[in-house]
Amino acid sequence: MIRRDPRSVVRTALGILAILGAVGCGGASEGEAPTSPTNPTSPTTPTAPLPVADWVDAIDGEIPLVIIAPHGGDLAPAELPDRVCSGCVTGNDLNTQALARTITDAFSGRIGKRPYVVINRLHRRKFDANRDLQEATAGYAPLAPMWTQFQGAIDSAKVRARRLHPRILVIDLHGHGHTIQRLELGYQLSASELRLTDASLTPLVATSSVAQLGRVAISRDSGAVLIRGVRSLGARFAALGIPAVPSDVDPAPLAGQDYFNGGFNTVRHGSSITGPSDAIQLESHYTGLRDTASNRAGFAEVFVTAILAFLRDHYGWVPA
Ligand SMILES: [Zn+2]
């Protein structure tokens, strides 16, 4: 039997509820109008199993990094009903599928090796790949195998990566439409928690999505230092000219500022309780990063540089 600090268990459970209920990646992205479910289709039972394998792209890799792109799906098959549920978000994170593919190519170009990549091809109007089964499918039972296909592809990527590496990082790649143009990095730490002093934040990192990394990082960074110290992921991006919160120069969103702190995938694939897989949700702004092919290529190069530094510092991994 595993004994855990009751407070941390309760806190984790509450955190998961809060994330699933309110603060997952939501809101329409720039460049795409919110989809109003004004003409919901009636769910029907398909006569054959849905071709869910066609709706998940999994790219094999070699490095200790798994990239998930859940909200950039380009397919909206007519046989699927539009999702209609209370509070459901149906707008895509524009161009994030293309961004994930460009980042993969940038790794290949830089180091001759790829991360593992799992892409949801379905539009968020049909399927939300950063939610639990019920909200992902809006209760449309025939689509349940899609949830299993997508999450199973991530689990498989993690298993394969772990055959090569003792510890791995999962980046859940999104796009936000918030006013402030900066990356929002989500570790399952709320904005108000990030506004605490380092001394008060540090114990909370022990139940974040990088909790176990904070215990074993090669850098010996832990607690608040891992989240917003000079070797944090936010600091690496900021030093390369891409503003990011939390980071050494922008330690927390101010009260009233929009911020996504990590959703379903960050919880499921992170190390809040145990495990060799850490997770960070990366919410990118639109203009200058993912709006055009050339900007996506530019950001992909920055992404590679920042992640390689993070993997070197904390995981002790460098390209051979
Ligand atoms: Zn998203």
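Numbering of residues starts from 1 in each chain and follows the order in which that chain's sequence is written. At least 70 in pLDDT is required for a residue's local features to be given in this predicted model, at least 80 for side-chain atom pairs to be given and counted, and no such filter applies to totals for whole chains, interfaces and linings, which use all residues.

### Let's talk about helix α11 (residues 293-315)
For α11, with 23 residues, the first-to-last C-alpha span of 31 Å sits near the 33 Å given by 1.5 Å per residue. Next to the buried residues of α11 lie β2 (65-69), α2 (96-111), β4 (168-175), α7 (213-216) and α9 (233-239). Positive phi shows up at G316, right after α11, with a value of about 65°. The way it works is that DSSP assigns letters per residue, a run of H or I at least four long becomes a helix, a run of E at least two long becomes a strand, and they are numbered from the N terminus. An expected span of 1.5 Å times one less than the residue number is assigned to each helix. Here the contact rule is simple: place C-beta atoms from the backbone, and any two residues whose C-beta atoms are within 7 Å are in contact.

### Comments concerning helix α4 (residues 144-164)
Taking 1.5 Å of rise per residue, the 21 residues of α4 would be expected to cover 30 Å, and the 31 Å separating its terminal C-alpha atoms lies within 8% of that figure. The inward-facing, buried residues of α4 abut β1 (56-59), β2, β3 (116-120), α3 (133-137), β4 and α10 (264-269).

### Observations concerning the environment of N261
Examined against the element boundaries, N261 turns out to sit in the loop between β6 (244-245) and α10. When the C-alpha atoms of N261 and A191 are compared, they prove to be 7.4 Å apart, with 70 residues separating the residues in sequence.

### Some remarks on the nonpolar core
Counting residues in hydrophobic clusters, the biggest one holds 81 residues, and the most contacted among them are L65, V66, I67 and V118. With residues up to four places along the chain from it excluded, the contact list for L65 reads P115, I168, L169, I171, I307 and L311. By convention in this section, buried Ala, Val, Leu, Ile, Met, Phe, Trp, Tyr and Cys residues joined through C-beta atoms within 7 Å make up a nonpolar core. Residues with at least 20 other C-beta atoms within 10 Å of their own are called buried, those with 12 or fewer are called exposed, and the rest are partly exposed. The C-beta atoms themselves are positioned from the backbone.

### Focus on the environment of A235
Assignment of secondary structure puts A235 in helix α9. Of the residues examined, A235 has 22 C-beta atoms within 10 Å and is grouped as buried. In sequence terms A235 and V245 are ten residues apart; their C-alpha atoms lie 8.5 Å from each other. Those residues in contact with A235 that sit more than four places away from it in its chain are G229, V230, S247 and D248.

Spatial relationships are all this shows, so hold off on functional conclusions.
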